[in-house]
Amino acid sequence: MERVGIAAGVEFSRLVYGMWRLGDDADTSPAYIRAKLEACLDQGITTMDHADIYGGYGVEELFGAALKGTSLRQRIEIVTKCGIVVPAGRHAAAPCKYYNTGAAHIRASAEQSLRLLGTDYIDLLLIHRPDPFMDHHETGAVLDALVAEGKVRAVGVSNFRPWDLSLLQSAMKNRLATNQIELSLMAHQPFVNGDLAACQQAGMPVMAWSPLGGGRLMAGAEGALPAILDRFADAHDVDRAAVAVAWLLAHPARILPVLGTNNLDRIRTLSEALKVKLSRTDWFQLYEAATGQPVP
Amino acid sequence: MERVGIAAGVEFSRLVYGMWRLGDDADTSPAYIRAKLEACLDQGITTMDHADIYGGYGVEELFGAALKGTSLRQRIEIVTKCGIVVPAGRHAAAPCKYYNTGAAHIRASAEQSLRLLGTDYIDLLLIHRPDPFMDHHETGAVLDALVAEGKVRAVGVSNFRPWDLSLLQSAMKNRLATNQIELSLMAHQPFVNGDLAACQQAGMPVMAWSPLGGGRLMAGAEGALPAILDRFADAHDVDRAAVAVAWLLAHPARILPVLGTNNLDRIRTLSEALKVKLSRTDWFQLYEAATGQPVP
Amino acid sequence: MERVGIAAGVEFSRLVYGMWRLGDDADTSPAYIRAKLEACLDQGITTMDHADIYGGYGVEELFGAALKGTSLRQRIEIVTKCGIVVPAGRHAAAPCKYYNTGAAHIRASAEQSLRLLGTDYIDLLLIHRPDPFMDHHETGAVLDALVAEGKVRAVGVSNFRPWDLSLLQSAMKNRLATNQIELSLMAHQPFVNGDLAACQQAGMPVMAWSPLGGGRLMAGAEGALPAILDRFADAHDVDRAAVAVAWLLAHPARILPVLGTNNLDRIRTLSEALKVKLSRTDWFQLYEAATGQPVP
């Protein structure tokens, strides 16, 4: 599978496996998680997307248990995120949902991720949400420090608007490696509202969360989109999801879709999206169906 | 008529004649088009605004036929545009309306414009619309190449938002010479939403399309605007259109209105707008009528 | 009271007293205005926020009369603004409300402020509103000239969006010292829409007008906000207003609230806000109540 350079010495697989719902599966045993992981690796999907908060601060620990006693860590890249505090798990006492991009919290969160994952480095650490209370000097300095200490290999952000990105970058030595944003045929505004342009201008690959619109592209999407997805799916002998992912892969911004499914059979076919090469006119036919109107 | 520097060695007349509807006229004979052109030149309007797509990819050829065998080419500047593909004319087989800012398409489009216009250079080539599928490196490189080869003297964009402009500029050697946007008393958001500010900061003159609101300022505009336009028109002994154009000319951003009319009598009076010098308070009285409320 | 550096040699008190409604008071005698001023100075509030337009171009003169024959000028910093013209006072003949950021008007306005205030320098002169008709070269040059002549010690803007700020700054030698914007629990969009980020990235303290939402936070605010303000007020033994101001003070962007009240008793307690130290979770509880929903 194609590899994408994220930062000096850090390469990701073009498709990323997302752990968002890992804890929701009926089977969260180490053996079953390893089976999922092996199904990814069989296709060349080596990059695993976590966040401290997934599963109520529980998924990193489940994943760490699966890695334990194996040599799997050397074969994968781990992304994790920090900065959201919800009243659950180890933050049960929080008085409300809030963001914490303070130095102490980020450092503690990254170090806790290292412990729970049972690893001595994270490949990429992301600030999970733009924080309206952010002290960019403080946040930038702690991210730089974590890189300098070797605890994380690269740092980036998620859900940042261009001004958030620019502000944090202005206070850092390391370059922010990516912005992980919601991006799909259901969430296509970033293609025109400057969000993607800011990443492209920074030379920054983009990670796409919910590339299938949270499943709505598979069932529930209205209008012309389902029919045209099916038409392309038939033509390429894949499923609708593969076409929706291929639509992101075709774009020049180097988009890395983050794919999360607990279905082992579906995991085994994730890389089918790479077989589908969409042309520019294919891309615009899907975009027109997604926006509900021809381009202006 | 005032001349405006657009790029090294390229100067435009302050008023630009637009070819958008040239093909809609009852008479599209070379002789009649030459009569229109002479009516422009008599007033010092030397800059002619085209696009590959005007008239279903037909207007450039009509205009080229009018220039043929004359020395008119040396007396005018030609602007044309590329990047929109509609299922018509030579693109009748297109599966949907889409944008193509790929290198091969832009080069082919520019070269076709040269052939149809019967000229060996275009003064200014514009990307017609921001393309959500744009590879800025590829688009920037082909625009630079066309300048280097002498096929176009300058390049620019149309309908770009500030982030689109910044992205494409970041991948180019030549400076983008202009952004041609919709701008009028009916489309006044660019005066406050950053679109005009981005051009002013780049030191870039702005071309204004539909400076009369697609004719709505002449008939159909509601509220206080028609009455105040008439009041200024009476005071300056011109028509309403001349006041609306003068409103753009008064602004410090160096706005070049693109005026399109097929009426030969109206063409002969286009430059009357230049006689109307609006003061700052005149400008704000018209702006207040256009927005429907006093400034905050 | 904490002091904040605004420009070379210019420091403001963290809380600023606003003169917006000074002319509306029943008593506008020099003696009573001096009593208000002394009540501010007793708490360390030394910075006085004016605008040419306050009180229909009348407040600066009232304030100047109060300073006359005293040594109060040396103990305070004066902010004033220019650029809005309304048909009142010395501009009674204006044909409509408009903005004037032309060199002659700004110079005349600043010099008139000096005369009315009876001082030979203004500490900070602000352009009051972004002007859709601004010639940034002209406006920037006159602001630089006023600094060079010593008539103003620093210059800045008010109500500017990021692109307005960037445009004017691009044409100036002096750095714009601040952007005075509406900012409060009732006007919290600047925390996420890039307005505050632009100031933070420029290293520019922010002045906040209507920090109490024009009084609506004291009476009339709906939803969860009044109750949570009261809870924090009780816990800190202050009034609701002090909590709302402390919410701004807690933010890392160095926000200087501009507090305007004609009630002498309330003036005497303005600095109580400084006693309230809100934590990050306090801040987010108030923010959640203000926005009506948890952060995403």
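Residues numbered from 1 in each chain as written. Chains lettered and ligands numbered in written order. Predicted model: local features only at pLDDT ≥ 70, side-chain atom pairs only at ≥ 80, totals over all residues. Heavy atoms only, no water.

1. Some words on the confidence of the model for chain A
All names here are of chain A.
Moving on, step 1. In the predicted model, chain A carries a mean pLDDT of 97, and the fraction of residues at 70 or more is 100%.
Moving on, step 2. Confidence, read as mean pLDDT per element, is least for helix 10 (residues 264-268) in chain A (94) and greatest for strand 8 (residues 124-127) (99).
Moving on, step 3. Confidence metrics for the complex model read pTM 0.97 and ipTM 0.97. (pLDDT = per-residue confidence, 0-100. Helix = DSSP H or I, 4+ residues; strand = E, 2+ residues; numbered from the N terminus.)

2. What to know about the interface of chain B and chain A
Accessible area lost during the coming together of the parts is what is often quoted as the interface size.
Moving on, step 1. Contacts between the two partners involve 19 residues from chain B and, on the opposite side, 20 residues from chain A.
Moving on, step 2. The largest share of the area that chain B buries against chain A comes from P132(B), F133(B) and W163(B), three residues that together contribute 38% of it.
Moving on, step 3. Between the two partners, chain B and chain A, sit 9 residue pairs in polar contact (both at pLDDT 80 or more).
Moving on, step 4. Those elements that provide at least two residues to the side of chain B that touches chain A are strand 7 (98-99) and helix 6 (162-169) of chain B. (Contact = heavy atoms within 4.5 Å. Buried area = accessible area lost by both parts, 1.4 Å probe. Polar contact = N/O pair within 3.5 Å; in protein donor to acceptor, adjacent residues only side chain to side chain.)

3. Details of the relation of the copies chain B and chain A
Moving on, step 1. Least-squares fitting of chain B to chain A yields an RMSD of 0.0 Å, with the superposition described by an axial translation of 0.0 Å and a rotation of 120°. Between the two chains, the operation in question is that of a three-fold axis. Nearest to the rotation axis, the C-alpha of W163(B) is located 6.7 Å from it, this being the minimum over chain B. (Least-squares fit on C-alpha atoms with pLDDT ≥ 70 in both.)

4. Observations regarding the interface of chain A and chain C
Moving on, step 1. Counting residues at the interface gives 19 residues for chain A and 20 residues for chain C.
Moving on, step 2. Contact between chain A and chain C buries roughly 1900 Å² in total, counting both sides, with carbon and sulfur atoms accounting for 63%.
Moving on, step 3. For chain A, the biggest contributors to the area lost against chain C are P132(A), F133(A) and W163(A); these three give 38% of the whole.
Moving on, step 4. Linking chain A to chain C there are 1 salt bridge.
Moving on, step 5. Among the salt bridges present, the one from D131(A) reaches R280(C), with a minimum N-O distance of 3.2 Å.
Moving on, step 6. Connecting chain A to chain C are 9 residue pairs in polar contact (both at pLDDT 80 or more).
Moving on, step 7. Those elements that place two or more of their residues in the side of chain A that touches chain C are strand 7 (98-99) and helix 6 (162-170) of chain A. (Salt bridge = Lys/Arg side-chain N within 4 Å of Asp/Glu carboxyl O.)

5. Concerning the packing of helix 1 (residues 30-42) of chain B against helix 3 (residues 59-67) of chain B
To describe two helices that pack against each other, one gives the angle between their axes and the distance between the axes.
Residues and elements named next belong to chain B.
Moving on, step 1. For the pair helix 1 and helix 3, the least separation of the axes is 8 Å and the interaxial angle reads 85°. When the axes of helix 1 and helix 3 are compared, the pair comes out roughly perpendicular. Side by side, helix 1 and helix 3 meet where P30, I33, R34 and L37 of the first sit next to L62, F63, A65, A66 and L67 of the second. (Axes fitted to C-alpha atoms, helices over the stretch in contact; angles between N-to-C directions. Parallel < 35°, antiparallel > 145°, perpendicular 65-115°, else oblique.)

6. Here we look at the sheet that holds strand 3 (residues 16-18) of chain C
All names here are of chain C.
Moving on, step 1. The sheet built from 8 strands closes into a barrel, its strands ordered 3-4-5-8-9-10-11-12 with parallel pairing. Pairwise comparison of adjacent strand axes, ignoring direction, gives a mean angle of 30° for this sheet.
Moving on, step 2. Bridging between strand 10 (residues 179-182) and strand 11 (residues 206-209) involves 4 bridges; their strand directions are parallel. Each residue of the ladder has a partner; that of Q180, found in strand 11, is M207.
Moving on, step 3. Along the sheet, helix 4 (residues 103-117) makes contact with strand 5 (77-82) and strand 8 (124-127), crossing strand 5 at roughly 140°.
Moving on, step 4. Running at roughly 150° to strand 12 (residues 255-259), helix 9 (residues 240-249) makes contact with strand 11 and strand 12 of the sheet. (Pairing = 2+ DSSP bridges.)

7. Considering the domain arrangement of chain A
All names here are of chain A.
Moving on, step 1. For chain A, the assigned domains read domain 1 (1-177) and domain 2 (188-296).
Moving on, step 2. Computed from C-alpha coordinates alone, the two centres of domain 1 and domain 2 are separated by 24 Å.
Moving on, step 3. On the side of domain 2, 30 residues touch domain 1, which itself brings 33 residues to the contact.
Moving on, step 4. Counting each side, the surface lost to burial between domain 1 and domain 2 is near 2400 Å², with a carbon and sulfur contribution of 62%.
Moving on, step 5. On the domain 1 side of the interface with domain 2, the three residues burying the most area are R14, L15 and Q43, jointly 26% of the side's total.
Moving on, step 6. Counting the contacts that link domain 1 with domain 2 gives 1 salt bridge.
Moving on, step 7. Between D195 and R161 there is a salt bridge whose closest N-O contact spans 2.9 Å. (Domains from an automatic or database assignment.)

8. So, the pattern of salt bridges
Moving on, step 1. Under the criterion given, the structure shown has 54 salt bridges over all chains.
Moving on, step 2. Ionic pairing is found between K151(A) and E111(A), a salt bridge with its closest N-O pair at 2.7 Å. A residue pair is termed long-range when its members are at least 10 positions apart, and K151(A) in the loop between helix 5 (136-148) and strand 9 (155-158) and E111(A) in helix 4 (residues 103-117) qualify at 40 residues.
Moving on, step 3. Classification of K151(A) by relative accessible area gives partly exposed; the value is 23%.
Moving on, step 4. Between R266(B) and D239(B) there is a salt bridge, and its shortest N-O distance comes to 3.1 Å. With R266(B) in helix 10 (residues 264-268) and D239(B) in the loop between helix 8 (225-236) and helix 9 (240-249), this residue pair connects regions lying 27 residues apart in the sequence.
Moving on, step 5. Taken together, the salt bridges that share partners define one network made up of R107(A), E111(A), E149(A) and K151(A). (Buried < 20%, exposed > 50% of the residue type's maximum accessible area, 1.4 Å probe, protein only.)

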